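Secondary and tertiary structure notes
The primary structure of each chain is shown beneath.
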Amino acid sequence: MGELADYLLAHVGHGLSGADADAWSAALPLIFTHGLEAALLAAPPTPLLEALISAATGQLISERERKVVSEVFAGKRKLRLTRLLAHMVKPAVGMTIVTTNYDRLVEIAVEEADIGADTMFTGRFAGQLNELESRMSFCRGVAINPRRTATLQFRPRALICKPHGSLDWYARDGRPVFYAGDLPDAIRLIITPGRNKFRNGYESPFDHHRSRANDAIDRASRYLILGYGFNDDHLETHLSPGIKSGKPTLMLTRSLSTVARQLALMQANVIALEYANLDGVEGTSAIVEQKEFFFPGVGMWDVDSFVTEVLEP
């Protein structure tokens, strides 16, 4: 059982009554036997229970995030994504990063790589979703060419799409707003496991971020996929067909999900790297051109090692 499930079992359920208590009681045994996602699909939470699960999930992520951010701020730690971004092509129109978890760490990694983090929100207190104003905030001037036509000049930026929401997003007077601090009594806009995950994904601001993510997936000529399990209906209708169309794809992950492994074994355009331990020997398992290989003593499945061994040999 995952850490999130353990945390929810410890922090959700106290003081519930009536239909809320019944819903939690129905989900509890399924969490132990089928896992959190399957349990909340089979036993959908009530609105109050869903709000409690969302609040507890936000609390856990916030606690874990705070430790990492403190280490990065103090210069004791460099995020793996920051090292990787230094080697990536940065298109003039900006690169797109789609993230379903720990989105604020992605923002920090981007800024630590001296790239602007475009979240499509503007304003620091009760900020508003406004993609155009957010993009224009990265404009650094106007260039006039010999034909006297003007071109806007932008600093390198990454459009960060968050189809599952963010700890920075809150509901205020029925509208989604951005606030970077902790507001314990406010409703955070994050999507948690369960049937509501699909429904909520089509509400603002999730719908806009999901749409921009899928548009980027459709337009991409190749994919770099880090630690993603291919279990999200919001993205799968675009990502998997894109991979199956033959776009070059590189997957790096600790452990390939069943769906990811099947894709790698079925598609010659996919290279997949994951951690492996064969007979006590640690290394990297690689699927290349639909065949599996084992590289002992090599940690290329990890982004940090991948940068060291492939991009900075």
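About the cut-offs
Residues numbered from 1 in each chain as written. Predicted model: local features only at pLDDT ≥ 70, side-chain atom pairs only at ≥ 80, totals over all residues. Heavy atoms only, no water. Salt bridge = Lys/Arg side-chain N within 4 Å of Asp/Glu carboxyl O. Helix = DSSP H or I, 4+ residues; strand = E, 2+ residues; numbered from the N terminus. Pairing = 2+ DSSP bridges. Phe/Tyr/Trp six-rings, centres within 6.5 Å; stacked < 30°, edge-to-face > 60°. Buried < 20%, exposed > 50% of the residue type's maximum accessible area, 1.4 Å probe, protein only. Arc of directions from axis to C-beta. Contact = heavy atoms within 4.5 Å. Axes fitted to C-alpha atoms, helices over the stretch in contact; angles between N-to-C directions. Patch = residues over 30% accessible without salt bridge, like charges linked within 9 Å, V, L, I, M, F, W, Y side chains within 5 Å. Areas by Shrake-Rupley, 256 points an atom, 1.4 Å probe, with all protein chains shown as cover. Parallel < 35°, antiparallel > 145°, perpendicular 65-115°, else oblique. Left-handed = near helix turned anticlockwise from the far one by under 90°. Nonpolar A, V, L, I, M, F, W, Y, C, P; charged D, E, K, R; others polar.

Comments concerning the pattern of salt bridges
Close approach of charged atoms allows side chains with opposite charge to pair. Per the counting criterion, the structure on display carries 20 salt bridges. Between Glu-312 and Arg-83 there is a salt bridge; the shortest N-O distance is 2.8 Å. Placement of the pair is Glu-312 in the segment after helix H12 (303-311) and Arg-83 in helix H5 (residues 80-85), with a sequence separation of 229 residues. Salt bridges here are not isolated pairs; linked through shared partners, they connect Glu-131, Arg-212, Asp-215 and Arg-219.

Description of the sheet that holds strand S10 (residues 187-190)
Strand order across the open sheet formed by five strands is S3-S4-S9-S8-S10, with antiparallel pairing between neighbours. Every other strand in the sheet has two partners, leaving strand S3 (121-122) and S10 as the edge strands with one partner each. Here strand S8 (residues 165-172) runs beside strand S9 (residues 175-179); their pairing, made up of four bridges, is antiparallel. Each residue of the ladder has a partner; that of Trp-169, found in S9, is Phe-178.

Focus on the packing of aromatic side chains
Under the counting rule described, the total for this entry stands at six aromatic pairs. Taking 5.8 Å as the distance between ring centres and 55° as the angle between the ring planes, the aromatic pair formed by Trp-169 and Phe-206 counts as tilted. Highlighted residues: Trp-169 in strand S8 and Phe-206 in helix H9 (residues 206-219), separated in sequence by 37 residues. For the pair Trp-169 and Phe-206, one class covers both residues: buried. An angle of 75° between the planes, with centres 5.8 Å apart, marks the rings of Tyr-275 and Trp-301 as edge-to-face. Linking Tyr-275 in strand S13 (residues 270-278) with Trp-301 in the loop between strand S15 (291-296) and H12, this pair joins segments that are 26 residues apart in sequence.

Looking at helix H1 (residues 3-11)
For H1, the full list of buried residues reads Ala-5, Tyr-7 and Leu-8. In an axial view of H1, the angular spread of the buried residues amounts to 160°, which keeps them on one side of the axis. The elements touched by buried residues of H1 are helix H2 (18-34), helix H3 (36-42) and helix H4 (47-73).

Re the environment of Ala-276
As for its placement among the helices and strands, Ala-276 is situated in strand S13. It is 26 Å that separates the C-alpha atoms of Ala-276 and Val-106, two residues lying 170 residues apart in sequence. The residues contacting Ala-276, other than those within four sequence positions of it, are Val-281, Glu-282, Gly-283, Thr-284, Ser-285 and Phe-294.

As for the sheet that holds strand S2 (residues 116-118)
Here we have three strands laid out as an open sheet, ordered S1-S7-S2, and parallel in their pairing. One side of each edge strand has no neighbouring strand; the edge strands of this open sheet are strand S1 (95-98) and S2. Averaged over all pairs of adjacent strands, the angle between strand axes in this sheet comes to 30°, irrespective of strand direction. Across four bridges, S1 lies against strand S7 (residues 157-161) in parallel orientation. Paired with Ile-97 across the bridge in S7 is Ile-160.

A word on a nonpolar patch on the surface
A cluster of nonpolar side chains, contributed by Leu-132, Met-136, Val-142, Ile-144 and Leu-152, occupies part of the molecular surface with about 440 Å² of accessible area. Along the chain, Met-136 turns up in helix H7 (residues 131-136). Assessed through its relative accessible area of 34%, Met-136 is described here as partly exposed.

A closer look at the packing of H4 against helix H6 (residues 103-112)
Packed helices, taken two at a time, are described by their axes: the angle between them and the distance between them. Viewed as axis vectors pointing N to C, H4 and H6 meet at an angle of 15°, and their least axial separation amounts to 10 Å. Considered as vectors, H4 and H6 are oriented roughly parallel to each other. You can see that H4 and H6 cross each other, and the crossing is right-handed. Across from Ser-62, Glu-65, Val-68, Val-69 and Val-72 in H4, the residues of H6 making contact are Arg-104, Leu-105, Ile-108 and Glu-112. A per-class count over the contact of H4 with H6 returns five nonpolar, one polar and three charged.

Just distances and angles here, no functional claims.
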